[in-house]
Amino acid sequence: MTFKSSARDILATLIAFDTTSRNSNLELIRWVEEYLSGYGVPSTRVVNADASKANLYATVGPNVEGGIILSGHSDVVPIDGQDWHSDPWTVTEKEGLLHGRGTCDMKGFIALALAAVPLFKDAARPIHLAFSYDEEVGCLGAPAMIEEMAAKLPKPALAIIGEPTMMKPVTGHKGICVHDVEILGHEAHSSLTHLGISANMVAVELMHDLAVLSRELWEQADPESPFVPPHATLTIGKMEGGTAPNILARRAAFTFDLRCPPGIDPEALLAPFKEKCAALDKELKAAFPQTGVTITRQSNAPPMTHAGSEQAEAFIRKLTGDNSPAGVVSYAAEAGQFQQAGFPTVICGPGSIEQAHQPNEYLSVEQFERGIKFMERLAEELKE
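Here's the deal with the sheet that holds strand E15 (residues 362-364)
Then comes step 1: Across the sheet, which stays open at both edges, the 3 strands sit in the order E4-E5-E15 with antiparallel pairing between neighbours. Bordering the open sheet on either side are strand E4 (92-94) and E15, each of which pairs with just one other strand. Neighbour to neighbour, the strand axes of the sheet diverge by 25° on average, direction disregarded.
Then comes step 2: Where E4 lies against strand E5 (residues 97-99), 3 bridges are found, and the strand directions are antiparallel. Across the sheet, the residue bridging to Glu93 is Leu98, located in E5.
Then comes step 3: Sitting on the sheet, helix H3 (residues 103-115) touches E5 and E15, and the angle it makes with E15 is about 55°.
Then comes step 4: Relative to the sheet, helix H10 (residues 365-382) contacts E4, E5 and E15, its axis offset from that of E15 by approximately 65°.

As for helix H7 (residues 266-287)
Then comes step 1: Look at H7: 32 Å from first C-alpha to last across 22 residues, which is about the 32 Å you get at 1.5 Å a residue.
Then comes step 2: At Pro272, H7 shows its largest kink, close to 40°.
Then comes step 3: The complete set of buried residues in H7 reads Pro266, Leu270, Phe273, Cys277, Leu280, Asp281 and Leu284.
Then comes step 4: Tucked inside the fold, the buried residues of H7 contact strand E9 (175-184), helix H6 (199-219), strand E10 (233-241), strand E11 (251-260) and strand E12 (292-301).
Then comes step 5: The N-capping residue of H7, defined by a side-chain oxygen 3.0 Å from the backbone nitrogen of Glu267, is Asp265.

A few points about the pattern of salt bridges
Then comes step 1: Inspection of every chain in the model, using the stated rule, returns 21 salt bridges.
Then comes step 2: The partner of Arg251 in a salt bridge is Glu182, with the nearest N and O atoms 2.8 Å apart. One end of the pair, Arg251, is in strand E11; the other, Glu182, is in strand E9, with 69 residues separating them in the sequence.
Then comes step 3: Classification of Glu182 by relative accessible area gives partly exposed; the value is 28%.
Then comes step 4: Salt bridges here are not isolated pairs; linked through shared partners, they connect Lys168, Glu313, Arg317 and Asp322.

Notes on the packing of helix H1 (residues 3-16) against H10
Then comes step 1: Axis separation between H1 and H10 bottoms out at 11 Å; the angle between their running directions is 120°. The handedness of the crossing between H1 and H10 comes out as right-handed. Of the residues in H10, those in contact with Phe3, Lys4, Ala7, Arg8 and Leu11 of H1 are Phe368, Glu369, Ile372, Met375 and Glu376.
Then comes step 2: Its residues placed into classes, the contact of H1 with H10 shows 6 nonpolar, no polar and 4 charged.

What about H1?
Then comes step 1: In this model, H1 (14 residues) spans 20 Å end to end at C-alpha, consistent with the 20 Å of a helix rising 1.5 Å per residue.
Then comes step 2: Among the residues making up H1, those that are buried are Phe3, Ser6, Ala7, Ile10, Leu11, Leu14 and Ile15. Relative to the axis of H1, the buried residues are bounded by an arc of 165° and lie together on one face.
Then comes step 3: Buried residues belonging to H1 abut helix H2 (26-37), E5, H3, helix H4 (117-120) and H10.

Some thoughts on the side chain of Lys53
Then comes step 1: Among the structural elements, Lys53 can be located in the loop between strand E1 (43-47) and strand E2 (54-60).
Then comes step 2: On the basis of relative accessibility, which here comes to 10%, the residue Lys53 falls in the buried class.
Then comes step 3: A polar contact of 2.3 Å, which involves the side chain of Lys53, links it to the backbone oxygen of Ser21.
Then comes step 4: Within the structure, Lys53 has its side chain in polar contact with the side chain of Asp134 (distance 2.6 Å).

Remarks on the packing of H6 against H7
Then comes step 1: Contact pair H6 / H7: the axes reach a minimum separation of 11 Å and the direction vectors enclose 170°. Considering the angle they form, H6 stands roughly antiparallel to H7. Regarding H6 and H7, the two cross each other, and that crossing is right-handed. When H6 is examined against H7, the residues Val202, Glu205, Leu206, Asp209, Leu210, Leu213 and Leu217 are found in contact with a partner set consisting of Leu269, Leu270, Phe273, Lys276, Cys277, Leu280 and Leu284.
Then comes step 2: Of the residues assigned to the contact of H6 with H7, the class counts are 11 nonpolar, no polar and 3 charged.

Topic: the packing of aromatic side chains
Then comes step 1: Tallied over the full model, the rule gives 4 aromatic pairs.
Then comes step 2: Between the aromatic rings of Trp31 and Tyr35, the centroid separation amounts to 5.4 Å while the plane-to-plane angle is 15°, which identifies the pairing as stacked. Of this pair, Trp31 and Tyr35 both sit in helix H2, 4 residues apart, roughly one helical turn.
Then comes step 3: Tyr35 sits in the buried class, given a relative accessible area of 13%.
Then comes step 4: Taken together, Trp31, Tyr35 and Tyr39 form an aromatic cluster joined through their ring pairs.

Definitions and cut-offs
Residues numbered from 1 in each chain as written. Predicted model: local features only at pLDDT ≥ 70, side-chain atom pairs only at ≥ 80, totals over all residues. Heavy atoms only, no water. Pairing = 2+ DSSP bridges. Helix = DSSP H or I, 4+ residues; strand = E, 2+ residues; numbered from the N terminus. Axes fitted to C-alpha atoms, helices over the stretch in contact; angles between N-to-C directions. Contact = heavy atoms within 4.5 Å. Expected span 1.5 Å × (residues − 1). Bend = angle between axes of the 7 residues up to and from the residue. Buried < 20%, exposed > 50% of the residue type's maximum accessible area, 1.4 Å probe, protein only. Polar contact = N/O pair within 3.5 Å; in protein donor to acceptor, adjacent residues only side chain to side chain. Salt bridge = Lys/Arg side-chain N within 4 Å of Asp/Glu carboxyl O. Left-handed = near helix turned anticlockwise from the far one by under 90°. Nonpolar A, V, L, I, M, F, W, Y, C, P; charged D, E, K, R; others polar. Arc of directions from axis to C-beta. Parallel < 35°, antiparallel > 145°, perpendicular 65-115°, else oblique. Phe/Tyr/Trp six-rings, centres within 6.5 Å; stacked < 30°, edge-to-face > 60°.

Encoded structure:
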C-alpha cells in the first residue's frame, strides 16, 4: 500500500469516529493504540478525571534526544444545525475536496502522521506523536500530557502543531480564557418585581458590561499588531435563562471567551468585571441568601510567540520550501502550551482555518498531498 492510499484510509477511519467534544474519544484512541502496536510502537494514555477521554503519546524510533513532536487534537466541533450536503462522518471527495467533519481541523494532519510511522521507525532521531482531547473547548486536555512528556521524554528539538495553516509556518497565536457566569435569582410573579430578583435582568446587565469591554478592546487596537483582528476579542458564545415570560427568572447563565494577543493580560482586563460580579453577588444575597452571582474560569490557554522558536521555524521552512514571512493566527491552539513547557514550537498543517467548523468542512486533495510530501521530507531529515 502506498503512503497516499494508507493516509487516505486512515483519514476515513478517523473521520468515522464521532469525537465531538461532548463525546468520549476513547474508540479513536483505542484504534490508534492498535495501529501503533502493529508496528511495535508502544503508547501511553493520559486520561481525564473520570477516564472518559484520553490523550495519547508515543515515541517512534530511538529513545534519544533531538526528536520531533507531531501534535494534533482528536476532538471536533458539533455538526448541530449545520446544512451538510454529505455524511459528516464519511470522507466524501468532490471536485478535489475531501469533505467530512475534522478533515481540516485536524484529523487530516493526524492521519498523515500515523501513515508516516513506517517511514519514521528506522530514523536516527525519534518522532513523538501527541494526540489530545478537548482542544475545541478551551485546550483543556493537552496540559497533563505535555507535562508528562516534558518529564519523561528525552529532550525533543521542537514541536509541530498540525493546525491548518496551508502548510506555511505560523509562530504566533492568541491565548484564550473561557468563563462561565451563573446568576441565581428569586422567582416571583413578573408584575411584582419588588418581591423577587430576575436572574435574566442581572445577566443582561453583566453581558452589557462585557459588550462595552469588547467595543473598548476594538477601539484600543494596536495598529501595528500582526493579528487579524488586531485587538483582543471578547464574545458571548452561550446564554440561557428563565422559565416563562411572566415569572422572574430563577436562573440565568452565559459563557464568554476572551482571546488576547501576546503581551495582554486577560486577568487584568477582566478585573473590573469580576469585581462587579462580586459586588452584585453580595447585593443579591443581602436580599435573598440563596441568590448570587458566580463566575468560574473554565480554561486559560496561553498565547504563542515567535521567541525561542527561530530554529524550529527554519527547520520547517527547510521541509516546506516556504520563504514567506512567518504568520500569526487569531485562533487559540495548544502550541502556546507546548511552548510554555519549554518546547520550541511551530504551527504547520494542511488546509485553511477558514474551512474549519463550517458545514461541509473540507481539506483539499492538493493540501493533503503537500502534507504527504512534508512527512516524507521529515522522515529523510531524521535519518541524518
